[in-house]
Amino acid sequence: MTILAMNPVDQLLEARWVIPVEPHGVVLDHHAVALAGDTIAEVLPIETARGKYPNAARIELNEHALIPGLVNAHTHNPMVLMRGLADDLPLMTWLNEHIWPAEGRVMGPEFVRDGIELAIAEMLRGGTTCCNENYLFPDAQAATYLKHGFRAVVGLPFIEFPTAWAKSRDEYFDKNLAVHDELRAEALVTTTLAPHAPYTVANETFERIRLMSDQLDVPVHLHLHETAQEVEDGKRDHGMRPIARMAALGLVNDHLIAIHMTQLTDGEIAQMAEAGASVAYCPESNLKLASGFCPAEKLRRAGVNIAIGTDGAASNNDLDMFGEMRTAALLAKAVANDASAFDAAFALQAATFNGARALGLGDRIGSIVPGKQADLAAVRLDAIETQPIYHVASQLVYATGRQQVSDVWIAGKRKLDNRTLIGMDLDALRAKAGEWHERIAFAQ
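Notes on the structure in this doc start here. (Residues numbered from 1 in each chain as written. Predicted model: local features only at pLDDT ≥ 70, side-chain atom pairs only at ≥ 80, totals over all residues. Heavy atoms only, no water.)

## Describing the overall build of the chain
Using the following cut-off: Put simply, DSSP marks the helices as runs of H or I at least four residues long and the strands as runs of E at least two long, and each gets a number from the N terminus on. Our radius of gyration looks at C-alpha atoms and nothing else; its globule reference is 2.2 Å times the residue count to the power 0.38. Whether two residues are in contact is decided by their heavy atoms, any of which lying within 4.5 Å being enough. For the area figures, the Shrake-Rupley method with a 1.4 Å probe applies, and any residue is considered shielded solely by the protein chains shown. Counted charges follow a simple rule, with Lys and Arg positive, Asp and Glu negative, and His plus the chain ends left uncounted. In plain terms, the charge of a residue is placed at NZ if it is Lys, CZ if Arg, CG if Asp and CD if Glu.
The helix and strand tally for the chain stands at 16 helices and 16 strands. Taken against the 2.2 N^0.38 rule, which gives 22 Å for 444 residues, the C-alpha radius of gyration of the chain at 21 Å falls within 12% of a compact globule. Taken over the C-alpha atoms alone, the chain extends approximately 65 × 45 × 45 Å along its principal axes. Nonlocal contacts in the chain, meaning residues at least 24 apart in sequence, comprise 73% of its contacts between residues at least 6 apart. Only carbon and sulfur atoms are counted for the fraction: they give 51% of the accessible area of the chain, which is about 16,900 Å². Separation of charge centres in the chain, based on 38 positive and 57 negative side chains, amounts to 2 Å.

Right under this line is the structure:
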């Protein structure tokens, strides 16, 4: 597993185990990942690496599994500032009576920036190196992710009613296209088109989004078939189920990232597979809002690309991808009535490479392969809670907590060093979170 690197190898990450994800299910004992700047140059046995690259800095990860950085395939990260604001409520009550009114009182670039900074700290401490963002003020989102060197895909939002971001359909398109154009040259931040949902976006807007997606070659990030009520309302208002409506509008294709998908027929699963669409599976949010169960194993067996997302911290209530992997695997087994469903190696793949593929980044991140960006997470497995170790992937998915993530790299730059965040002030983040708590709580 070697390529010719443009830059000399400058770091050797020497791990007890390397789980490259590609090839699927492989675990490499006592291997090193050689980094050349921001790129993975080679994966090879530790002793061989030391002889081949004697001048490279060595980072010993003797009790660790080195994995690709986790990819959170669906999140609303500024909503960490509303964590726990409105719990134990069904989706539409939660959204219409609590979340949207609270957002309306505080929404602006400052809220987005401060929420994302808090979220970045949480994600890095949990091994997440890339997220698929879906919120307002994508310009402020992008600036914040770039400031902290965090890889993100920023959703360009569309909804039929006025918000603090835009007041009309044309303004949404004009402002969102301007943000996309500003980010064309950025390596760490890319875009999707993010119409909110079938029940909040009109056909004319969807038609323009499909054209824009085709012209710009960017994914469409859409909440779809999240609840049974959404499906029934779609049949009442449009005479068809929402997926059928999206297909008629030309949006069920290999650019589609469908979020939630708890209400699916076998025919719709086959349709998604044939179209090459992706699904972002968000089990904990779906469970908490009682939205339903995504048939993840049926989707997997049909060949649909399944990624994993946390959703926002106001409906989860965390950005913990280790917890989400575990819930994803366990729930998929129960729904399929099959203990072999959604096995541990596949859960790890869904949380890494499949997420990257869904976002159009499969050639850049998501696996430990020469030529890809060095987005990596080291996980300590010497804790009492993860002893003994028979199968490393199973241990990561079923027994490991995010607090065992020790080190994180994004594009070869260390962002977490033995649990210490680099370039982020936790006390300042806590203080800002406290200030927003006072503003939001007082405004209710």
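## Focus: helix 12 (residues 321-336)
Each α-helix turn comprises 3.6 residues. Residues three or four places apart therefore point the same way. Our working rule: In this scheme, a helix's expected span is set at 1.5 Å multiplied by one less than its residue total. Any residue under 20% of the maximum accessible area for its type is buried, any over 50% is exposed, and the rest in between are partly exposed; the area is computed with a 1.4 Å probe on protein chains only. Any pair of N or O atoms that falls within 3.5 Å is considered a polar contact. Within protein, one atom must be able to donate a hydrogen and the other to accept it, and sequence-neighbouring residues count only if both atoms are side-chain atoms.
An ideal rise of 1.5 Å per residue puts 22 Å on 16 residues; helix 12 measures up with 22 Å between its terminal C-alpha atoms. When helix 12 is considered as a whole, its buried residues turn out to be M321, F322, G323, E324, M325, T327, A328, A329, L331, A332 and K333. Two to three positions downstream of the cap, the backbone nitrogen of F322 sits 3.0 Å from a side-chain oxygen, assigning the N-cap of helix 12 to D320. Just downstream of helix 12 lies N337, where phi reads positive at about 55°.

## Quick look at helix 3 (residues 109-125)
Under the 1.5 Å per step criterion, the end-to-end length of helix 3 is 25 Å for 17 residues, consistent within 8% with the ideal 24 Å. The buried count for helix 3 comes to 13 of 17 residues, which makes it a mostly enclosed element. G127 occupies a position one or two residues after helix 3 and carries a positive phi of about 85°.

## Observations concerning the sheet that holds strand 3 (residues 39-45)
The following threshold applies: Strands pair, by our definition, only if DSSP identifies at least two bridges between them. Lines are fitted to the C-alpha atoms to define the axes, a helix being fitted only along its stretch in contact, and any angle between axes, read from their N-to-C directions, falls within 0 to 180 degrees.
Read from one edge of the open sheet, eight strands run 3-2-1-4-13-14-15-16, paired in mixed fashion. A single partner strand is all that each edge strand has here, and the edge strands are strand 3 and strand 16 (420-421). One ladder, built from two bridges, connects strand 15 (residues 413-417) with strand 16; its direction is antiparallel. Opposite L416, over in strand 16, you have L421 as the bridge partner. Across the face of the sheet, helix 3 comes into contact with strand 14 (405-410), strand 15 and strand 16 while running at roughly 115° to strand 14.

## Re the environment of G276
Within the secondary structure, G276 sits in the loop between helix 9 (266-275) and strand 11 (278-281). Distance in space between the C-alpha atoms of G276 and I257 is 9.9 Å, their sequence separation being 19 residues. Excluding residues that lie within four positions of it along the chain, G276 makes contacts with N253 and D254.

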